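# Descriptive analysis of the structure
The lines below spell out each chain.
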Amino acid sequence: MTFRAIRLGLALAFFAVAIPAHADITNRANYAAILLDSRGQVLHQANADEPRFPASLTKMMTLYMLFEAMRDGRVQPDARITMSAEAATRPPSKLGLPAGYSLALEDAILAVVTRSANDVAAAIAEHLGGTEERFAQMMTQRARSLGMTRSTFRNASGLPDAEQRTTARDMALLGSRLQADFPRQYAYFSTTAFRWNNRQIHNHNHMLSAYDGMDGIKTGYTRWSGFNIVTSARRDGVRLIGAVMGGSSWVERDRHMAELMDDGFQRVGVARRANSYDVMQTNRGSMAREAQPRAPAVRMAAQPRVMASAPPVRPVAQPLVRGPRQPPTVLTSSSTRPPATAQQQRQATTPAANRPAQPARPMPRPAVAQEPRPLTPAPGRPVTRT
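Residues numbered from 1 in each chain as written. Predicted model: local features only at pLDDT ≥ 70, side-chain atom pairs only at ≥ 80, totals over all residues. Heavy atoms only, no water.

### Considering unusual backbone geometry
Most peptide bonds are trans, and most residues other than glycine sit at a negative phi. Here the residue pair proline 92 and serine 93 is connected by a cis peptide bond, since its omega of 10° sits within 30 degrees of zero. Assignment of secondary structure puts serine 93 in the loop between helix H3 (85-88) and strand E4 (102-104). Unlike most non-glycine residues, alanine 55 shows phi in positive territory, near 55°. As for its placement among the helices and strands, alanine 55 is situated in the loop between strand E2 (42-46) and helix H2 (58-71). (Helix = DSSP H or I, 4+ residues; strand = E, 2+ residues; numbered from the N terminus.)

### Observations regarding the pairing of strand E5 (residues 193-196)
One ladder, built from 4 bridges, connects E5 with strand E6 (residues 199-202); its direction is antiparallel. Bridge pairing in E6 places tryptophan 196 opposite arginine 199. (Pairing = 2+ DSSP bridges.)

### Regarding helix H6 (residues 132-145)
In this model H6 runs 20 Å from its N-terminal to its C-terminal C-alpha over 14 residues, within 8% of the 20 Å that 1.5 Å per residue would give. Listed in full, the buried residues belonging to H6 are Glu132, Phe135, Ala136, Met139, Thr140 and Ala143. The buried residues of H6 occupy an angular sector of 145° when projected down its axis, which confines them to one face. Facing away from the buried side of H6 by over 90 degrees, the exposed positions are Gln141 and Ser145. Directly after H6, the chain includes glycine 147, whose backbone phi takes a positive value near 100°. (Expected span 1.5 Å × (residues − 1). Buried < 20%, exposed > 50% of the residue type's maximum accessible area, 1.4 Å probe, protein only. Arc of directions from axis to C-beta.)

Shown next as structure tokens:
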């Protein structure tokens, strides 16, 4: 059996296990959902004002604060975000930048949007607020002024904190304000993948490639929250914004969001489209597609054009952070070369034929590229994944 055939079998087995036939997300204790049109009219709601853990949906507020600082001139387009020792300790999902290193502002934004990097979110918080605790207070205050009256933030990433709460309505409102207040920067949320330090980083939001008309914006997951998502889709000139919280899997969550979107578009007069949601078009589905003889290239979303007063955004983020350089090799003369040890002298005077054979070094095992797999948190160990 070929390697491609094995990968295809594994991919199909994943979908057979991960996609339940009749999962009902609405029966889950932490389920909440809301669907709005562009005017804010409610098309659907369920537990929309009940407190929920936001998980990485928190990063939408973190980026709102950053975009606002950029607009007001408090952060320049050529600024760099430095990773502190504290920020570098954040658990995955993360970029893994060592303390003391920095990355370009745009790369920091893309890392938060796609990788949902907790360490970069914390570094942004420190850049804007001095400390993440102070920045969380700023986030809460700004959220209340936007009308998010039931949201309280304690960190910039969404890592578990018993006092960090929000609602589906507040998260949908935040998604709407990001579009209205920062239309250029909002385009970052449509990025399906970007390249950083020779790595291809894919967006955790599978609906960007799986749902017809989807253009953003953010997903989130912890063991406390379940699988959350805020989405925005546009069809025939009509835009809908939705939030679903508390799914048992990203597949269940995304399918339910797709159903709400399809129903919402039909209610506002947009004809229902057949097969508008295709789970095999997600990042997980690409595993099966790559097993075919001709695998398609990574689908890239249209890149955001310009942040205010910034130069045009390059199509793909270039690696700007490099590892520490190795010290140069210094050639020394025989007069300055350190004296040879007794063992080296014996080897130098011993004929090659009489020298003991050196054991052969094992050949390094070639690295095998693997597709990202859904993260299963260890018992009692909260993890933020998407």
